[in-house]
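Take a look at the letters that make up each chain.
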Amino acid sequence: MQAVNTKELPKRARYYQSMIDLQMLDKGLHYKYLKPYYIIFTCPFDAFQKGRHIYIFENSCMKEKSLALEDGVTKIFLYADNELDDVRLELKVFLDYVAGIHSEDAFTKQLEEAVEKAKKNRR
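Residues numbered from 1 in each chain as written. Predicted model: local features only at pLDDT ≥ 70, side-chain atom pairs only at ≥ 80, totals over all residues. Heavy atoms only, no water.

1. Some points on the sheet that holds strand E1 (residues 37-43)
Rules: By this definition, two strands are paired if DSSP reports at least two bridges between them. Going along the chain from the N terminus, every DSSP run of H or I of four or more residues is numbered as a helix, and every run of E of two or more is numbered as a strand. To get an axis, fit a line to the C-alpha atoms, keeping to the stretch in contact for a helix; angles then go from 0 to 180 degrees between the N-to-C directions. What makes two residues a contact is simply this: any of their non-hydrogen atoms within 4.5 Å.
With mixed pairing, three strands are arranged side by side in an open sheet as E1-E3-E2. The open sheet has two free edges, formed respectively by E1 and strand E2 (54-57), since each of these has just one partner strand. Ignoring which end each strand starts from, the neighbouring axes of this sheet average 15° apart. By the bridge criterion, four bridges tie E2 to strand E3 (residues 73-79) in an arrangement that is antiparallel. Paired with Ile56 across the two strands is Ile76, which belongs to E3. The strands touched by helix H1 (residues 9-24) are E1 and E3; relative to E1, the strand with the most contacts, the crossing angle is about 145°.

2. Some words on the nonpolar core
Selection criterion: The nonpolar core is taken to be a set of buried Ala, Val, Leu, Ile, Met, Phe, Trp, Tyr and Cys residues, with the residues joined through side-chain atoms within 4.5 Å. Under the scheme applied here, a residue whose accessible area is under 20% of the maximum for its type counts as buried, over 50% as exposed, and between as partly exposed, the area being computed with a 1.4 Å probe on protein chains only.
By size, the foremost hydrophobic cluster in this structure holds eleven residues: Leu9, Ala13, Tyr37, Ile39, Phe41, Cys43, Phe45, Tyr55, Val73, Phe77 and Tyr79. Of all the secondary structure elements, the ones that give two or more residues to this core are H1, E1 and E3. No other element matches the four residues that E1 contributes to this core. Once residues lying within four places of it in the same chain are set aside, the contact partners of Phe77 are Leu9, Ala13, Phe41, Phe48, His53, Ile54, Tyr55 and Phe57. With six residues, the next largest nonpolar core counts Ile54, Leu78, Val87 and Leu95 among its residues.

3. A short note on the side chain of Lys75
Using the following cut-off: Counting rule applied: Lys, Arg positive; Asp, Glu negative; His and chain ends not counted. Just to be clear on terms, a salt bridge is a Lys or Arg side-chain nitrogen sitting within 4 Å of an Asp or Glu carboxyl oxygen. N or O atoms within 3.5 Å of each other form a polar contact, as long as, within protein, one can give a hydrogen and the other can take it, and as long as residues adjacent in sequence are counted only when both atoms are side-chain atoms.
On the secondary structure map, Lys75 appears in strand E3. Look at Lys75: it is buried, it has no salt bridge, and the nearest opposite charge is Asp71 at 6.1 Å. Reaching out from Lys75, the side chain makes a polar contact with the side chain of Gln17 at a distance of 2.7 Å. Excluding residues that lie within four positions of it along the chain, Lys75 makes contacts with Ala13, Arg14, Gln17, Ile39, Tyr55, Ile56 and Phe57.

4. Quick look at the pattern of salt bridges
In this structure the tally under the stated criterion is five salt bridges. Taking the shortest distance from any N to any O, the salt bridge between Lys92 and Asp96 comes out at 2.5 Å. Taken together, the positions of Lys92 and Asp96, both in helix H2 (residues 89-98) and four residues apart, correspond to about one turn of that helix. For Lys92, a relative accessible area of 24% translates into the label partly exposed.

This is the structure we're talking about:
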């Protein structure tokens with residue numbers, strides 16, 4: 001969750017990618033042991049200002065757009081408060097929850113219960 005727009009979200013994602021890679025691969029191991037993963041940010045602001053609920057980034061060649069680098073990293077940025085119909089209803093309900101919009105959805109109720117439980121857990 002990134003609550004404040006510091007205008008540094010892409011660099012923050014890059015930093016998290018490097019931290020994950022460092023934790024995943026011990027010195028001397030082959031790069032094949034780097035597993036694919038996702039870096040996901042949920043934000044109350046649209047860092048890219050294109051009106052989407054979801055932005056998905058993977059590395060590709062600038063000159064050959066169809067040529068993917070296939071480094072196994074996908075960065076996803078979710079934004080709660082936009083109008084485009086670009087996500088499934090289940091994700092939209094979750095994003096509404098993040099934005100503070102109450103829902104009677106079963107998943108949202110489960111999420112609220114988990115959040116309350118986590119708040120009571122001192123560890």
